[in-house]
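Now for the letters of each chain:
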Amino acid sequence: MSRPGKHAAGQPTAQPRVVVIGAGIVGCSLADELTARGWTDVTVLDQGPLPAPGGSTSHAPGLVFRTGPSKTLTAFAAYTVEKFTSLEADGLPCFIPVGGLELATTPERWADLHRKAGFAASWGVRAELVGPGRCKELWPLVDEARVLGGLYTPEDGLARAVPACRAQRERARARGARFLDRHTVTGIERDGNRVTAVVTDRGTFPADHVVSAAGFWGPVIGRMAGVDVPLLPLAHQYVKTGPLPEPAGGNGPRPEASRPILRFQDRDLYFREHTDRIGIGSYAHRPLPVDPFTVAAYDDAEDMPSSYPFTEEDFAPSWEDCRWLIPSLRAAEIEEGFNGVFSFTPDGMPLLGEVRAPRGFWLAEAVWVTHSAGVAKAVAEWMTEGRPSLDLHECELTRFEDAQRSPAYVAERGAQQFAEVYDVIHPLQPPAEPRPLRVSPFHARQQELGAVFLEGGGWERPHWYEANAALALAKDIVVPPRDAWAARHWSPIAAAEARATREGVALYDMTPLRRLEVTGPGSLAFLQRMTSNNLAKRPGSVTYTLLLDKAGGIRSDLTVARLAPDRFQVGANSPADLDWLLRHAPEDVHLRDITSGTCCVGVWGPLARALVQPLTGDDFSHEAFGYFKAKETYIGHVPVTALRLSYVGELGWELYTTADLGLRLWDVLWEAGRAHGVVAAGRSAFNSLRLEKGYRAWGHDMTTEHHPYEAGVGFAVRMDKGDFVGRAALEKLGAPTRRLTALLLDDPAAVVLGKEPVYLDGAPAGYVTSAAYGYTLGRCVAYAWLPRLETGTGVHVEYFGEKMPATVAEEPLFDPEMTRIRR
């Protein structure tokens, strides 16, 4: 359905005017998707000539491998395959389903292909692991002796990007869209905080919505609108061989391609057929960044703006690797080559969505042909219906912290993403640089304790402390040995830290937890409207609540402390939460992010009260300071906001103070805790404890694709409090057919990490969202999205090809009576 604008009197206006900047694969796909949804006043502009205006689409080799660790990217690619399969240009299909084959020539890669086969099962992609002989059958030119095995995905293949653009342009034009080439955008006009027009060298185009689908020119267009677009254009080498003696297409007329698209990731290479030639792409060379502000205009470029001269010396080592894998290339020559420009972001994901300022300015950037149609569908849904049907939190521009948007950070991390594009990346693997970027006030003390830091949101986050190594040697701490993959970025010390939290007291650095301050006379009414729980409680109350979208999907979960009648502290998840609230805040409500200027220590464990009470003049007894209550007080000389919360299932408090007093707070707590055997504990123990207690992690366990009742957080919804965002949608829900399900692996030594497929009666039925070994329970805990199943039902979780038995468990798995927290 379309979402027409409104006059002040409430009458529908003319259809929204959309200007899309960029007639590459994303711009053409978006025009098709928008017009198919009834938004037909669409103008697509490009500085180059159609049908191939000279951007990345014009030279894209078109390989579509759908499977990866991101469920969202896999869904984008799946839709691209589905849509392009249905399109034709000049009587030829726009997708060639030759299949995909990823080869392993090292044991590490062969193991990773087993993991990737698990992703395929989790996300619904047909895939099979095959031996060297089958790899040879699929790609006869490959030296079978070099290969350990492969992952074959029979429905992957080649997207013919330029013909797909043409087919979608024709459909969009038939519905009323127009495509204008040779129009160079020179400015974006605004009226206050809204876009009003796009200015070109050939005229001005009024617009209610402007979409930047300009590819590696995205930063140039963004600057015209006053928007930083954090992407780095990089040149990537692609060559074609001369004709090969083996006919690629067999007898008769040779098709464009008949063999699967091929990845040789151990050498950062991929291959595809071009009739009787082979095309080869390489990520093995040094990063070759391109300044988008200095790219030549179409008529001034030697070939096209996105194609730079081939640097033969960069490709020479890769050419030898090609000949090592495909012996027939030893007699072949490189006939042509170029360095083609495309886009990388600091985390390798697209940049999608409407910016907050100016309103009406949208991004659809850093999108590969692989994901193009899926991205276009999502953005079109977002524009016309107000929300995409897929969870896009990994792709929204608002995911980046301010510190992650500096030109230096974008350049450094973008180049590293290029270098790592085919690397085997562990889910906990932190970036090597730039680090340290953000540190809490406790960082020096953590270093003294031997903290092993990983990274999240730019923050250095301790995962365990080597100072606790001796505790892990206790005879009653039994930690099963781990395989090499599960043992990366992990230590058995986490078990000792979890034990100390369950039996004594531990300090956790919770500084990276995002904190917002909401003030003003309308703050209560605003938060009541924006969240699902009832916040109309006396000052000193804390409430767990949800941010929902209009369809009842979970945008985030929040912890809201009412510190005064018109002052709230909100524990949030990401910069997107602040952005969402700012978009809806009335003038009498003020929001600010206070994270960087404050810090937090979690003091948790049965001895937490014994540690904290002597340091304050206020009564911290259960009767005087109950669970989910807040108090502004002092710990020694340090003013703190104390929240009686626990994400680990034990007695304790989150203690907040300003950053300048953070080190003093840590030292006061540490010194007082010595008598109680206090330890510092890290995120590894924290994650184990929170899963034993069944606490959800937004972005992993639940997203906008899930509603509260199936996610197990329906207790945070109060339908009787009045209207709130998402309420109408929740009223229409039927009984859930799926749910976020707690599993215990049957084997005490088994460990899984997340995103593994879950099998029911031999068939994939869902996937793991979060998992960690439960040191208190002596079993690995995994949460998974599954059909509704009875407690005790047996399932299997596939980990690197091994199906591990697990059992549906009643939650919470630990302390269901909540006696440990409420004492």
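These notes cover the structure that comes with them. All of these numbers come straight from a predicted model, not from anything done at the bench.

Cut-offs applied
Residues numbered from 1 in each chain as written. Predicted model: local features only at pLDDT ≥ 70, side-chain atom pairs only at ≥ 80, totals over all residues. Heavy atoms only, no water. Helix = DSSP H or I, 4+ residues; strand = E, 2+ residues; numbered from the N terminus. Buried < 20%, exposed > 50% of the residue type's maximum accessible area, 1.4 Å probe, protein only. Contact = heavy atoms within 4.5 Å. Areas by Shrake-Rupley, 256 points an atom, 1.4 Å probe, with all protein chains shown as cover. Lys, Arg positive; Asp, Glu negative; His and termini not counted. Charge placed at Lys NZ, Arg CZ, Asp CG, Glu CD. Salt bridge = Lys/Arg side-chain N within 4 Å of Asp/Glu carboxyl O. Pairing = 2+ DSSP bridges. Axes fitted to C-alpha atoms, helices over the stretch in contact; angles between N-to-C directions. Phe/Tyr/Trp six-rings, centres within 6.5 Å; stacked < 30°, edge-to-face > 60°. 1 Å grid on protein atoms, 1.4 Å probe; cavity = no way out; pocket = protein on both sides within 12 Å on 5 of 7 lines; lining within 4 Å. Points joined across faces, edges and corners; volume = space filled by probe spheres on them. Core = buried A, V, L, I, M, F, W, Y, C linked by side-chain atoms within 4.5 Å. Expected span 1.5 Å × (residues − 1). Polar contact = N/O pair within 3.5 Å; in protein donor to acceptor, adjacent residues only side chain to side chain.

Turning next to the overall build of the protein chain. Each helix and strand in the protein chain was counted, giving 18 helices and 42 strands. Each of the three principal axes of the protein chain carries a C-alpha extent, and together these read 85 × 70 × 50 Å. A burial count over the protein chain gives 59% of its 823 residues as buried. In the protein chain, of all internal contacts separated by at least 6 residues, the share reaching a separation of at least 24 is 71%. For the protein chain, the accessible area works out to roughly 31,000 Å², and carbon and sulfur atoms hold 51% of it. In the protein chain, 86 side chains carry a positive charge and 101 a negative one; their mean positions are 5 Å apart.

So, about the pattern of salt bridges. Following the criterion strictly, the structure yields 53 salt bridges and no others. The residue Glu-33 makes a salt bridge to Lys-83 at a minimum N-O spacing of 2.9 Å. With Glu-33 in helix α1 (residues 25–36) and Lys-83 in helix α2 (residues 71–85), this residue pair connects regions lying 50 residues apart in the sequence. In terms of burial, Glu-33 and Lys-83 fall into one category: buried. Here Arg-399 makes a salt bridge to Asp-347, at a shortest N to O gap of 2.7 Å. One end of the pair, Arg-399, is in the loop between α8 (372–385) and α9 (407–419); the other, Asp-347, is in the loop between β21 (334–344) and β22 (351–354), and 52 residues separate them in sequence. Judged by its relative accessible area of 14%, Arg-399 is buried. A single salt-bridge network, built from bridges that share partners, covers Asp-32, Glu-33, Arg-37, Lys-83, Arg-171 and Arg-175.

One closed barrel holds the six strands; their spatial order is β37-β40-β39-β38-β41-β42, and the pairing between them is antiparallel. On average, each strand axis in the sheet is inclined to that of its neighbour by 40°, with strand direction left out of account. In this sheet, strand β40 (residues 779–787) lies alongside strand β37 (residues 738–745) in antiparallel orientation, the contact comprising seven bridges. Pairing of Arg-738 across the sheet is with Pro-787, part of β40. In the packing of helix α3 (residues 107–123) onto the sheet, the strands contacted are β38 (757–760), β39 (763–774) and β41 (794–799), and the crossing angle to β38 comes to about 60°.

Another point: the packing of aromatic side chains. Under the defined criterion, the tally for this structure stands at 32 aromatic pairs. Judged by centre distance (5.1 Å) and plane angle (70°), the rings of Trp-123 and Tyr-767 are edge-to-face. Of this pair, Trp-123 sits in helix α3 while Tyr-767 sits in strand β39; the two residues are 644 residues apart in sequence, bridging distant segments of the chain. Each member of the pair, Trp-123 as well as Tyr-767, is classed as buried. Ring plane angle 45° and centroid distance 5.3 Å describe the contact between Phe-342 and Trp-368, whose orientation is recorded as tilted.

This part takes up empty space enclosed by the protein. With the rule as written, the count across this model stands at three cavities of 30 Å³ or more. In this structure, the largest cavity occupies an estimated 70 Å³ of space. Residue lining of the largest cavity: Glu-460, Arg-461, Pro-462, Tyr-465, Tyr-508, Asp-509, Met-510, Pro-512, Ala-681, Gly-682, Arg-683 and Phe-686, and that is the complete set. Elements supplying a minimum of two residues to the lining of the largest cavity: β25 (459–465), β26 (506–509) and α16 (683–693). With four residues, β25 is the single largest residue contributor to the lining of the largest cavity.

On to the nonpolar core. Counting residues in each nonpolar core, the largest one holds 53 residues, and the members touching the most others are Tyr-508, Leu-743, Leu-745, Val-752 and Val-758. Element by element, the count of residues in this core is highest for helix α11 (residues 493–503), at six residues. When residues no more than four places from it in sequence are discounted, the contact partners of Leu-745 are Ala-750, Val-751, Val-752, Arg-779, Cys-780, Ala-782, Met-804, Pro-805 and Ala-806. The next biggest cluster of nonpolar side chains, apart from the first, holds 48 residues, and it includes Leu-87, Phe-179, Val-375 and Cys-395.

The next subject is α8. With 14 residues, α8 should cover 20 Å at 1.5 Å per step; its first-to-last C-alpha distance of 20 Å lies within 8% of that length. α8 sits mainly inside the fold: twelve of its 14 residues count as buried. Residues of α8 that are buried include every one of Ser-372, Ala-373, Gly-374, Val-375, Ala-376, Ala-378, Val-379, Ala-380, Glu-381, Trp-382, Met-383 and Thr-384, and no others. Looking at the buried positions of α8, the neighbouring elements they touch are β1 (18–21), α1, α2, β15 (209–212), β22 and β23 (361–365).

Moving on, we get to the side chain of Thr-345. Turning to its location among the elements, Thr-345 is positioned in the loop between β21 and β22. For Thr-345, a relative accessible area of 1% puts it in the buried group. A distance of 2.7 Å separates a polar atom in the side chain of Thr-345 from the backbone oxygen of Met-349. Once residues within four sequence positions are removed from consideration, Thr-345 is found in contact with Pro-230, Leu-231, Leu-351, Ala-366, Arg-399, Arg-413, Gly-414 and Gln-417.

Relative to the assigned elements, Gly-133 resides in helix α4 (residues 132–138). We classify Gly-133 as partly exposed; its relative accessible area is 32%. Distance in space between the C-alpha atoms of Gly-133 and Pro-69 is 27 Å, their sequence separation being 64 residues.

We now examine the pairing of strand β34 (residues 638–643). Among the six residues in β34, five count as buried, and that is most of the element. In sequence, strand β33 (residues 630–635) turns back onto β34 through a hairpin of two residues, with Gly-636 there showing a positive phi of about 60°. Judged from the three bridges that link them, β34 and strand β35 (residues 652–658) form a sheet pairing that is antiparallel. By the bridge assignment for β35, Leu-643 is matched with Glu-654.

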